[in-house]
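Secondary and tertiary structure notes
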Amino acid sequence: SKVIAVDLEHHDYRTYHGLTSLMQITTDSKHDYLIDTLSPELRPHLSQLNIVFTDPNIVKVFHGAFMDIIWLQRDLGIYVVSLFDTFHAAKELALGRYSLAFLLEKYVRFRTSKRWQLADWRIRPLSNEMRNYAKADTHFLIEVFYLLQNDILNNNNNNDSNESGSEKMS
């Protein structure tokens, strides 16, 4: 994959630091993965994901990555290189609204529910509804990334054209 979308579910009710409970990854070929970051068999090996996460040739797409980056580093020893944050892209475009729900609806016409946003993600097994919610957070994010990237490039090209046009007039 040249692009992956990443999200984390974190549980912080009655804990000081909280627990990174689930990682969602979607590849540019639309494969969705849910990784149980609480699994005692799996958790000690998750730092091996640094092979992908630190590869500068693979773009990692997040929405509102600030806390995700902290949790990845603190809880899992995973570092991120080549990050694209759709929240900051939406701000750069001055869309007026910056939530993932807004971007999904605007760019891919997918309406998500935030019903599970504050769920207890430590519960195992995850219900089908929780699994579907978790997958939806990354499933369309790569498509949103490409569309936002295109809008930013078009805005920059328009600004360059306007600037060179005003220079010609002076």
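Residues numbered from 1 in each chain as written. Predicted model: local features only at pLDDT ≥ 70, side-chain atom pairs only at ≥ 80, totals over all residues. Heavy atoms only, no water.

**Some remarks on the layout of surface pockets**
Volume-wise, the largest pocket comes out at about 500 Å³. Considering every element that reaches the lining of the largest pocket, the biggest residue donor is strand E1 (residues 3-11), with 5 residues. For the lining of the largest pocket, a count of residues per class yields 11 nonpolar, 6 polar and 6 charged. (1 Å grid on protein atoms, 1.4 Å probe; cavity = no way out; pocket = protein on both sides within 12 Å on 5 of 7 lines; lining within 4 Å. Points joined across faces, edges and corners; volume = space filled by probe spheres on them. Helix = DSSP H or I, 4+ residues; strand = E, 2+ residues; numbered from the N terminus. Nonpolar A, V, L, I, M, F, W, Y, C, P; charged D, E, K, R; others polar.)

**Focus on a nonpolar patch on the surface**
Judged by side-chain polarity, Phe66, Met67 and Ile70 come together as a nonpolar surface patch covering roughly 290 Å² of accessible area. Following the sequence through the fold, Phe66 ends up in helix H2 (residues 66-76). (Patch = residues over 30% accessible without salt bridge, like charges linked within 9 Å, V, L, I, M, F, W, Y side chains within 5 Å. Areas by Shrake-Rupley, 256 points an atom, 1.4 Å probe, with all protein chains shown as cover. Salt bridge = Lys/Arg side-chain N within 4 Å of Asp/Glu carboxyl O.)

**Quick look at the pattern of salt bridges**
One pass over the structure, following the stated rule, counts 5 salt bridges. Lys30 is the partner of Glu143 in a salt bridge, and the nearest nitrogen-oxygen pair spans 4.0 Å. In this pair, Glu143 is assigned in helix H6 (residues 141-169) and Lys30 in the loop between strand E2 (19-27) and strand E3 (32-36), connecting sequence segments 113 residues apart. A salt bridge links Asp75 to Arg74; its shortest N-O distance comes to 2.6 Å.

**A few points about H2**
Burial in H2 covers these residues: Asp68, Ile69, Trp71, Leu72, Asp75 and Leu76. The arc that holds the buried residues of H2, viewed along the axis, is 165 degrees, so those residues lie on one side. Here the buried face of H2 lies against E1, E2, helix H1 (50-53) and strand E4 (59-62). Count one or two residues on from H2 and you reach Gly77, which has phi positive near 65 degrees. (Buried < 20%, exposed > 50% of the residue type's maximum accessible area, 1.4 Å probe, protein only. Arc of directions from axis to C-beta. Contact = heavy atoms within 4.5 Å.)

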